Amino acid sequence: MTRLLLIGPPGAGKGTQAVRLAELYAIPAISTGDIFRSNVKNETELGTKAKAYMDAGDNVPDSLTNALIRDRLEDADCREGFLLDGYPRTQDQVRELDEFLAGHGFALDAVVELVADPDVVVDRLRLRAAEQGRSDDDEAVVRHRLEVYRVQTEPLIDVYAGRGMLVEIDAIGPIDDVTERITTALAERGISAPDSATR
Ligand code: ADP
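Keep in mind that what you see is a predicted model, and the values were worked out from it rather than measured.

K.L.:
What am I meant to see in the site of the ligand here?
P.N.:
As a structural note, the neighbourhood of the ligand is formed by 20 residues, with Thr32, Asp58, Gly86, Gln93 and Arg145 the closest of them. Within the side chain of arginine 37, a nitrogen or oxygen atom sits 2.8 Å from an oxygen atom of the ligand. Separating an oxygen atom of the ligand from a backbone N or O atom of aspartate 58 is a distance of 2.6 Å. Protein chains bury 96% of the 540 Å² of accessible surface belonging to the ligand in isolation. The dominant element in the shell around the ligand, judged by the number of residues it contributes, is helix α2 (residues 32-41), at four residues. For the shell around the ligand, the residue count by class is five nonpolar, seven polar and eight charged.

Written out as structure tokens, the structure reads:
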């Protein structure tokens, strides 16, 4: 049973690492960004509401995001653990998550911060814009997303550091190296992958 959060600026590689960690620790990776994007694509009511915020690089309102994540965390596959990627992003979302966890008698094991220099992430996002054509990877929007991160999300790092949960990882370097840094740091805290002995 492992419960993890991944936090870090846009372009730090959260999505990439989330998929790998989910497989290693045998837990679902839950990305609010992916859930919103699939709702936009399928033109659901939620997607219609979220789209303008996403395209502008703003956070989707907490009321929508909290309702979505509460629903998702109630799913059976989350009983044995989960990895949240891109949530919480605001103080209000931290409160919501705290309430959810307390209500279920759950606790987080660690909060993994992917540390990356803003200039590096802007370059990565420029590349991703060319490759994937994500509507919020336009350069001006990217700058705005970084600013939203700095103002609304970065303060959460101190909150989790204060709780002794923060694991800081250098997110610059080959993807495999970053994964290795994360699993090593988690193992040092007594958090290991279920079948790591056989790997
Ligand atoms: P990145 O981490 O690269 O910014 P994400 O895929 O995590 O990309 O998020 C893309 C967009 O989805 C965000 O800019 C925001 O509009 C919306 N979003 C994702 N997660 C949240 C959240 N927890 N709260 C509010 N909005 C969110």
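K.L.:
How should the packing of aromatic side chains be read in this particular structure?
P.N.:
The relative placement of two aromatic rings is captured by the distance of their centres and the angle of their planes. Using the criterion set out here, one finds one aromatic pair in the structure. We note arginine 3 situated over the ring of phenylalanine 106; from NZ or CZ to the ring centre the distance is 3.7 Å.

K.L.:
I'm lost on the pattern of salt bridges in this one. Help?
P.N.:
Two side chains bearing opposite charge may form a pair once their charged atoms approach each other closely. Summed over all chains, the structure comprises 14 salt bridges. For aspartate 34, the salt bridge goes to arginine 37, with nearest N and O atoms at 2.9 Å. With aspartate 34 and arginine 37 both in helix α2 and three residues apart, this pair spans about one turn of that helix. Residue aspartate 34 is classed as partly exposed on the basis of its relative accessible area of 46%. Residue arginine 37 is classed as partly exposed on the basis of its relative accessible area of 27%. The salt bridge involving aspartate 170 is made with arginine 181; its shortest N-O contact spans 3.9 Å. One end of the pair, aspartate 170, is in strand β5 (residues 166-170); the other, arginine 181, is in helix α8 (residues 175-188), and 11 residues separate them in sequence. For aspartate 170, a relative accessible area of 42% translates into the label partly exposed. Looking at arginine 181, the relative accessible area reads 28%, which means it is partly exposed. Overlapping salt bridges bring together Asp123, Arg126, Glu139 and Arg143 as one network.

What counts and what doesn't
Residues numbered from 1 in each chain as written. Predicted model: local features only at pLDDT ≥ 70, side-chain atom pairs only at ≥ 80, totals over all residues. Heavy atoms only, no water. Near = heavy atom within 4 Å. Polar contact = N/O pair within 3.5 Å; in protein donor to acceptor, adjacent residues only side chain to side chain. Areas by Shrake-Rupley, 256 points an atom, 1.4 Å probe, with all protein chains shown as cover. Helix = DSSP H or I, 4+ residues; strand = E, 2+ residues; numbered from the N terminus. Nonpolar A, V, L, I, M, F, W, Y, C, P; charged D, E, K, R; others polar. Phe/Tyr/Trp six-rings, centres within 6.5 Å; stacked < 30°, edge-to-face > 60°. Lys NZ or Arg CZ within 6 Å of the ring centre and 35° of its normal. Salt bridge = Lys/Arg side-chain N within 4 Å of Asp/Glu carboxyl O. Buried < 20%, exposed > 50% of the residue type's maximum accessible area, 1.4 Å probe, protein only.

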